[in-house]
Every structure is written in structure tokens, then in C-alpha cells.
Amino acid sequence: MAGRFITLEGIEGAGKSTAARFVREWLSARGLTVCLTREPGGTPLAERVRQLVLDRQGEAITPVTETLLMFAARGLHVQNLIRPALARGEWVVCDRFTDATRAYQGAGRGVSLALIDQLASAVQEGLQPDCTLLLDLPVAAGLERVRMRSGSVPSDRFEEEPAQFFERVRAAYLDIARAAPARVRIIDASRPLEAVQEQIARALEALCSGTA
Ligand code: T5A
């Protein structure tokens, strides 16, 4: 079976990283070779861009510059990790991709979607996820999980944002899912872990059998 490109999306604390590890195990158990990665980041240089863009102590970054940094990291990631892994027949499981830029920089920060689409087209050169798992839950529940995990001090620049910012991000993700129902599967991430994993397993079964 040829490699496929799976992305995970959602607001902070939705459970993407936990779900990404589950996806890797589920696919590996079926004999598939999996490349688990994340954005921003995924290659040595892209991880350095990640540090710059998430750093709470750094200098001010405008929304457009933030968008350019996300795509600079994405360009490195697509060219040096994602495309080579897919070419080897591996399944790439990526914690966030361009939908995050549409939701955070587009809806969250007000950057024009036309600019985001133009940058996506230049950087991705036709590469699109085969399947996106959108882990959806109320903003308060996601932020509470983050608080339980890391305490009350924000761990990056995005966690400093108010709840209204994440409401816009969540709404944008749901709009993206409604506009691309064949690609984006909404997972009810407010459920207990086992129930979340059942929903993900169903989506993966559909993808593997070619019906997603
Ligand atoms: N960003 C990123 C942009 O603005 N634009 C872009 O283009 C891109 C690519 C970093 C930031 O970058 C921004 C968005 C982000 O703010 P990130 O590293 O993915 O992106 O950071 P976060 O989203 O902040 O990642 P988190 O680790 O906070 O959230 P996750 O991965 O969604 O959640 P996870 O799996 O770590 O789980 C959080 C906690 O909840 C528990 C877990 O055990 C953990 O403690 N949990 C559950 N608890 C109960 N029930 C369940 N079903 C649970 N699932 C997980």
C-alpha cells in the first residue's frame, strides 16, 4: 500500500499529541511504516524556527510575520521530511499542518486567507493531507487540560491568548471540516480517551479500506 499523509488538528489541549501516538501504534500494528512528526518543526532547522515562533520572551512578531515563519518551517518540513517519507512508502502522521495556519493565523489573528492559500500553494506544491482528524472539544475543556498538565503559567506565546482567540480558532476548524467532509473527520475529543481512540480507529479503518 502506498504511503498516506494524515494530519491531526485542534485547539490546545484537544489531545492531538496523545492521538498521534495512538495513530502510529494502530498503523504499525498493521505492518505499516510510520513517520510521526509535528508542526511547526519536524526537521532540525524547522525545530529552530519553532523555538523562535513559540518563544514567550522573544521580540514582537506581527501576524503576517508569524504566518511567514510557519510556512518557512513548513517548507523545510515538506521538502526534507514529509515528501521523502511518502516517497519511501511510509505513512506520515503529522501533529498540525496548514489547517492550523488557517485557524490560528487566519481566524485567530486576522491574516488574509488569500495570502495563506498563496503561501500554501507555493510551499506544498500540491501536497495535501489524505485525511485530517480534527479533535474537537469546548475551549474551556481544552484549556483546563493544558492547565492540569502544565500549571497556570503559559508555556508558549499561543497559550497566553484569551479564550475568545481559541473560540475563533475552534470555529474556523469546524468551518474547514464542513467545507472538506471527505478529508476532515471530526472526532469528539471531549469524550474519555478510550472513546476518542474508538472514533479514530473507525476513521483509520475507513482510510485503509479506501472509503474515507
Ligand atoms: N500553530 C501551529 C499555529 O499558530 N499555526 C500553525 O500553522 C501551526 C502548525 C504549538 C502552537 O503552534 C500554533 C498552535 C499551537 O499553539 P503544539 O505544539 O501542537 O503547537 O501545541 P499545542 O496545541 O499547545 O499542544 P498541546 O500539547 O497543548 O495539546 P495536544 O497535543 O492537543 O494535547 P495532548 O495530547 O498533549 O493532551 C493534553 C492533556 O490532555 C490529556 C493528556 O494526557 C494531556 O495531559 N488528554 C486527555 N484527558 C482526558 N480525556 C482525553 N480524551 C484526553 N486526551 C488527552
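One can find the structure itself at the top, above this paragraph.
These lines cover the structure that appears in this document, whether it is placed above or below.

Thresholds applied
- Residues numbered from 1 in each chain as written.
- Predicted model: local features only at pLDDT ≥ 70, side-chain atom pairs only at ≥ 80, totals over all residues.
- Heavy atoms only, no water.
- Pairing = 2+ DSSP bridges.
- Helix = DSSP H or I, 4+ residues; strand = E, 2+ residues; numbered from the N terminus.
- Axes fitted to C-alpha atoms, helices over the stretch in contact; angles between N-to-C directions.
- Salt bridge = Lys/Arg side-chain N within 4 Å of Asp/Glu carboxyl O.
- Buried < 20%, exposed > 50% of the residue type's maximum accessible area, 1.4 Å probe, protein only.
- Phe/Tyr/Trp six-rings, centres within 6.5 Å; stacked < 30°, edge-to-face > 60°.
- Lys, Arg positive; Asp, Glu negative; His and termini not counted.
- Polar contact = N/O pair within 3.5 Å; in protein donor to acceptor, adjacent residues only side chain to side chain.
- Contact = heavy atoms within 4.5 Å.

Moving on: the sheet that holds strand β1 (residues 5-9). Taken in spatial order, the five strands of this open sheet run β2-β3-β1-β4-β5, and their pairing is parallel. Only two strands of the sheet have a single partner each, and these edge strands are β2 (34-38) and β5 (184-188). Here the strands of the sheet are splayed against their neighbours by 20° on average, with no regard to which way each runs. Relative to strand β4 (residues 131-136), β1 is paired through four bridges, and the arrangement is parallel. When the sheet's bridge partners are listed, Ile6 is paired in β4 with Cys131.

Here the structure, examined in full by the defined rule, presents 15 salt bridges. Linking Arg109 and Glu66 is a salt bridge whose minimum nitrogen-to-oxygen distance equals 2.8 Å. Here Arg109 is found in the loop between α4 (98-108) and α5 (113-124), whereas its partner Glu66 is found in helix α3 (residues 63-87), with 43 residues between them in sequence. Looking at Arg109, the relative accessible area reads 22%, which means it is partly exposed. Relative accessible area serves as the criterion here: at 0%, Glu66 is assigned to the buried category. Members of the salt-bridge network, linked through shared partners, are Glu66, Arg109, Arg157 and Glu161.

One pass over the structure, following the stated rule, counts five aromatic pairs. Geometrically, the ring pair formed by Phe5 and Phe97 is edge-to-face, given 5.0 Å between the ring centres and 85° between the ring planes. Residue Phe5 is found in strand β1, and its partner Phe97 is found in the loop between β3 (91-95) and α4; the two are separated by 92 residues along the sequence. Like Phe5, the residue Phe97 is buried in the burial classification.

So, on to the side chain of Glu9. Relative to the helices and strands, Glu9 is located in strand β1. Although buried, Glu9 forms no salt bridge, and the nearest oppositely charged side chain, Arg96, lies 4.1 Å from it. A distance of 2.7 Å separates a polar atom in the side chain of Glu9 from the backbone nitrogen of Phe97. Sequence-distant contacts of Glu9, that is, excluding residues within four places in its chain, are made with Lys16, Arg96, Phe97, Thr98, Asp99, Ala100, Thr132, Leu133, Leu134, Leu135 and Tyr173.

In short, the description is geometric, and any link to function would need to be established separately.
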